Amino acid sequence: MTEQTLPTTATKAEEPAAPAAGPWAEPAPDPAAPGRKPLRERRVLRAVARWSLALVVAGGLGAGATALVTLQDRTDLPGLATTPDGRWDFPRQQLPALPADAPRPGHPDNAAGIHHADLRELLVTAPASATPDKKLTGDWTPTLAYLAEYEKGDPSALGAQLHSFGLRHVTSRGWTMPDGTEARVHLLRFPSSGLADQYRDYGVHFDSSAGARLAGSPDTVFDSKWQSRGVPDTTSVYAYEEPAPYGDDEVQTRVAYIVAGDTLGMVVHEKEGGADRVPFHQTVVLQTQLLS
């Protein structure tokens, strides 16, 4: 199977690109040719034709965007760029090739929900304008790097739970955006979806709140404005936010847990004055698509 790509996440279809010059380009007019309309009139007629074609194409894209998103394979999703609204400049995400006949985690023949790809290749890449974290580089990560997300007292208990439920490995990536937002993503792989679910229920045990207390953060609550638009049916997302006021440091934390087969993902955004909702949703949705 060849390597495929995913687009950056958004909700609107890309504007059709302007036609490039090519062998179909109109040749230069012959001034001596009989019956030709004046140059100015010909240019007006061509402009009208081009705008009419553009309107037809744009209408077709608008009507078909939803069908494309829901019907195409995950390895062939359409471009979803949109006008600036706070989204980050993520590059196209690379989907690794799978072994021949290897079923996806949600397939009926894969009851254990196993991801057959290298977990590091399923980790969302950082936006182009980000400054990468020198410790969380997208390679295999020591368990302590993930446990550092939690308040003192919780890490030792969570570490025991990770051992009990057979954690296989962790991969993590972090970055900082120009506006000061710090982002971290951790993927934890277990031997099966059942064991990943048990760690969810008895380790971090998140439900109406994020369960295990995050380091340096007061209680987080369920994000009532979270929307699962763009999240594949084979994954589940639990999104939480730190309500105002944000404490002495005025840094708000947003966190989401992703459950996808044998893998549990954790996405964290932190920013002084409030972590923006749009790029947080974008990061989470991109990560769910990579894990689906």
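Refer to the structure printed above.
These lines cover the structure that appears in this document, whether it is placed above or below. (Residues numbered from 1 in each chain as written. Predicted model: local features only at pLDDT ≥ 70, side-chain atom pairs only at ≥ 80, totals over all residues. Heavy atoms only, no water.)

### Some details on the environment of Asp85
Relative to the helices and strands, Asp85 is located in the loop between α1 (39-71) and β2 (93-95). Counting along the chain gives 193 residues from Asp85 to Val278, while the straight-line C-alpha distance between them is 7.8 Å. (Helix = DSSP H or I, 4+ residues; strand = E, 2+ residues; numbered from the N terminus.)

### Describing the packing of aromatic side chains
The relation between two aromatic rings is expressed through the spacing of the ring centres and the mutual angle of the planes. What the rule picks out here adds up to 7 aromatic pairs. Aromatic rings pair up to connect Trp88, Phe90 and Trp175 into one cluster. (Phe/Tyr/Trp six-rings, centres within 6.5 Å; stacked < 30°, edge-to-face > 60°.)

### Topic: helix α5 (residues 277-291)
Relative to the 21 Å expected for 15 residues at 1.5 Å per residue, α5 spans 21 Å between its end C-alpha atoms, a close match to the ideal helical length. Burial within α5 is extensive, with 13 of its 15 residues counted as buried. (Expected span 1.5 Å × (residues − 1). Buried < 20%, exposed > 50% of the residue type's maximum accessible area, 1.4 Å probe, protein only.)

### What about the side chain of Ser292?
Structurally, Ser292 is set in the segment after α5. In terms of polar contacts, Ser292 uses its side chain to reach the backbone carbonyl oxygen of Gln289, at 2.9 Å. (Polar contact = N/O pair within 3.5 Å; in protein donor to acceptor, adjacent residues only side chain to side chain.)

### Details of the pairing of strand β7 (residues 236-241)
In this structure, strand β6 (residues 221-222) lies alongside β7, joined through 2 bridges in antiparallel fashion. Of the residues in β7, the one forming a bridge with Phe222 is Tyr240. Of the pairings in the sheet, the one linking β7 to strand β8 (residues 251-260) comprises 6 bridges and is antiparallel in character. Among the inter-strand pairings, Val237 is bridged to a residue of β8, identified as Ile258. (Pairing = 2+ DSSP bridges.)

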